[in-house]
Amino acid sequence: MKRRRATLTKKLIMTAAAVLILVLAGVYAFRHEESQAEKIAAPAAAAVDSSACIGSKEYMRANHMRVLNEWRHSSVRDGNRVHVAPDGRKIEKSLNTCLNCHSGNRMFCFNCHMYANVKPNCWNCHISPMEAP
Amino acid sequence: MIEKALKGSRNYWLWIGLLLLCIGAGFSAFSRQMWEGLTVTGMGRDVSWGLYIAQFTFFVGVAASAVMVVIPYYLHNQKAFAKTVIVGEFMAVAATLMCMLFILADMGRPDRVLNVLLYPSPHAMVFWDVMVLNGYLVINLVSAWTVLGAERKGVPPPAWVKPIIYLSIPWAFSIHTVTAFLYAGLPGRHLWLTAVLAPRFLASAFAAGTSLLILVTLILKKTTGFDAGNEARQKLAVLATYAGVANFFMIGTEFFTAFYSNVPAHMHGLQYLFFGLEGKSALVPWMWLSLLLGFGALAILFNPKLRHTSKWLVAACVGMVSSIWIDKGVGLVLGGFVPSPLEEITEYGVTLTELTVTLGIWAVGILVLTLLLKVAVTVKKEQEA
Amino acid sequence: MNEDRRSFIKKAGIGILAGIGSAAGLFPALSLEKTVLPAWDEKPEPGKHRWGMLIDTRKCSGNCSECVAACHFTHNVPDFGNRKDEVKWIWKSSYENVFPTASQQFQSPGVTERPYVALCNHCAEPPCTKACPTEATFRRWDGIVSMDYHRCIGCRFCMAACPYGSRSFNWRDPREGIKLASTEYPTRMQGVVEKCNFCSERLVKGLDPACVEACPEQALVFGDLNDPGSEIRKLLESTETMQRKPELGTKPSVFYII
């Protein structure tokens, strides 16, 4: 009798531990990251500054998907359309910001994505550099 | 224990094969739908929910009806139900699975279904519906499987199963109440905006679900020799009868409120369904058929001599299930969209693709039920031997 | 099956699941550097503005559909030529359709024979946003009931909830129904719901909504309902106006002068 109860308790504890690990992992994986900078009070709308990209080439290559995701959330859902680059420039959080600068190359996004076999569904809705007049 | 579903007679495998064929056809129709969009169904801007949501609503009811056997057996120790409980619980599992598949089939972007979990919205009834349906599936599957497993080993079930079974009782009520709340809280749809919708859903669910359960036990008796017992069937028939009476009484009260108050918004939905509105009357024959089948079923069930005759009992159960299937599916869901918020009438016509997907999902549910019942019947037969 | 084998398989299964779960959670986060998005500039103050529209139906003529054309062109709204797949953000209808709960008895023919423009009312207490299970449709800080097309799962609950029939669904790929593609606004994709957005993308640039700008009679007035000095507020105070189905408690932001 005693032995059977001990096995049951052990099973319960192990199952609970496994569930806890899964839940924690899930929550950690899907948490929405907030940025960790201070608020800066600033006036009116931002202009597109074509002198430089919002970040370095290496940074953008690794993170452009997260930048776009966070920009999307911020401008669509929070109403915060102004991105302040590390050097202080104010930039509008919009896909058009990227596409207006990189307008020379019709295959801008597609070159890398085709090579890497990545198929994001941006162009189902957004008008791609290939389609822009 | 699942290995018991992998051994069967030739007829068993032919049946599985037929179901797999239907699933294949449904899957093919679904991929067409995924590719071309939901335009391949009969739904449109004015009638934006159709056959899929109608089936979903009906089968949530069937799933909830398992409580009609769980309460008497587990709460009140009515031993007559002993052999029906496992059938009812497995039927609930299959029905819940079908509900979830119908939702997936109806969604415009099923690839984004996890958004419901990633962005929980407690103010939305759909969110709660997803939660309670998944919970109900797990509860019933775990408790039924565990009890069956214990029976197979010839030991009493483990102690932790009892609280889960007790939990399934209010949970069953909650799944159908939440589903009713999907409809009953929408201010623009006056056919649905009624407090009586949730009680009516429960009543019709208990009538249709128990009738379906009676039919399934009869099918099991014929195909496997496993008999849940006539006493159990008669008790279920009584439950179905009074649930059916409650359902029709509530339809009656709906008619009274609508037509005595003379408020156009309240009347229009019922007028369209039962009498036609502005010349559009495609659903009128369906609704009267539903009433005829329902009252016919009740007439049989109230007559003790007929109720005890197998042929008449089957007819009554088929009548009850069909009546409520039409009422909840065709009537309720389609009728809610007529007239539109701009008082326009658009009629809905089902398409072949839609029907095929529906058939495929039905086949999935019946396949799951077949496999689970094969295990259950084999185990119970071994125990009797 | 052997009891030891069964319990081993069970433990291994749980262990693998737990392992995959934690790996999925931990590894991607470790491999990518955190993106640094400095400064939350200009986060708008919720409730400061409340956009609204006043439609002077006396100025609306029977033959003109400039507002509809402008809106549908600017936003790449598809046209499939059939009622079933129809997508519309703004359209003309009649008095009995737009105001079904208002009195239909002995109204002057001047009132009942006029066209009435219908669009999303951007309600202050919208039933559609309550119904959305993913908050793909939500009420913004400035009163606009917005659609996040990226999040929409296409359940069409909001369509059932809207008491005004303002919402459309993309039953098929919208690109097949767009003859001239405007580059000012993206298209949507198959399987999501869409509706009027009060031209939020134009408001950000300080422009009026496309329909307001296009109306040759200036029958549409757009402004901030929370600003007592705005043109729309002045007109609302000086003229008798009507709203669609006010008894439902949705508090629409669109007003009609009859």
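Here we take up the confidence of the model for chain A. Taken as a whole, chain A shows an average pLDDT of 77; of its residues, 78% reach a score of 70 or greater. Within the model, the stretch residues 33–45 of chain A combines pLDDT values under 50 with 22 contacts to residues more than four positions away or in other chains.

The final tally for this structure, using the stated rule, is 25 salt bridges over all chains. The salt bridge involving E3(B) is made with R152(B); its shortest N-O contact spans 3.9 Å. Placement of E3(B) in the segment before helix 1 (10–36) and of R152(B) in helix 6 (residues 125–153) is noted, with a sequence separation of 149 residues between them. Residues D56(C) and R58(C) are paired through a salt bridge, measuring 2.9 Å at the closest nitrogen-oxygen approach. The class for D56(C) is buried, based on a relative accessible area of 8%.

Another point: the sheet that holds strand 8 (residues 220–224) of chain C. Strand pairing in a sheet takes place through backbone hydrogen bonds and is either antiparallel or parallel in direction. Residues and elements named next belong to chain C. Pairing in this open sheet of 3 strands is mixed, and the strands run 8-1-9 from one edge to the other. Looking at the sheet topology across the chains shown, the edges are occupied by strand 8 and strand 9 (254–257). Each adjacent strand pair in this sheet contributes to an overall mean axis angle of 20 degrees, direction not counted. Inspection of the sheet shows strand 1 (residues 51–56) paired to strand 8 by 5 bridges, in the antiparallel sense. Pairing of L54 across the sheet is with V221, part of strand 8. The strands that helix 9 (residues 231–238) touches are strand 1, strand 8 and strand 9; relative to strand 8, the one it contacts most, it runs at about 115 degrees.

Turning our eyes to something else, we now look at helix 4 (residues 82–106) of chain B. Along its 25 residues, helix 4 of chain B runs 37 Å from first to last C-alpha, staying within 8% of the 36 Å computed at 1.5 Å per residue. By the criterion of burial, helix 4 of chain B is predominantly enclosed, with 19 of the 25 residues buried.

Now for the domain arrangement of chain C. In terms of domains, chain C is made up of domain 1 (1–29) and domain 2 (51–257). Each of domain 1 of chain C and domain 2 of chain C has a C-alpha centre, and the two are 53 Å apart.

Here the second largest pocket defines a volume of roughly 2300 Å³. Together, 42 residues line the second largest pocket, and K11(A), K153(B), W160(B), R6(C) and K10(C) are the ones closest to its centre. Where the lining of the second largest pocket is concerned, the elements lending two or more residues are helix 1 (2–30) of chain A, helix 6 of chain B together with helix 1 (3–31) of chain C. The element contributing the most residues to the lining of the second largest pocket is helix 1 of chain A, with 13 residues. Its residues assigned to classes, the lining of the second largest pocket shows 25 nonpolar, 6 polar and 11 charged.

Rules used in this analysis
- Residues numbered from 1 in each chain as written.
- Chains lettered and ligands numbered in written order.
- Predicted model: local features only at pLDDT ≥ 70, side-chain atom pairs only at ≥ 80, totals over all residues.
- Heavy atoms only, no water.
- pLDDT = per-residue confidence, 0-100.
- Contact = heavy atoms within 4.5 Å.
- Salt bridge = Lys/Arg side-chain N within 4 Å of Asp/Glu carboxyl O.
- Helix = DSSP H or I, 4+ residues; strand = E, 2+ residues; numbered from the N terminus.
- Buried < 20%, exposed > 50% of the residue type's maximum accessible area, 1.4 Å probe, protein only.
- Pairing = 2+ DSSP bridges.
- Axes fitted to C-alpha atoms, helices over the stretch in contact; angles between N-to-C directions.
- Expected span 1.5 Å × (residues − 1).
- Domains from an automatic or database assignment.
- 1 Å grid on protein atoms, 1.4 Å probe; cavity = no way out; pocket = protein on both sides within 12 Å on 5 of 7 lines; lining within 4 Å.
- Points joined across faces, edges and corners; volume = space filled by probe spheres on them.
- Nonpolar A, V, L, I, M, F, W, Y, C, P; charged D, E, K, R; others polar.

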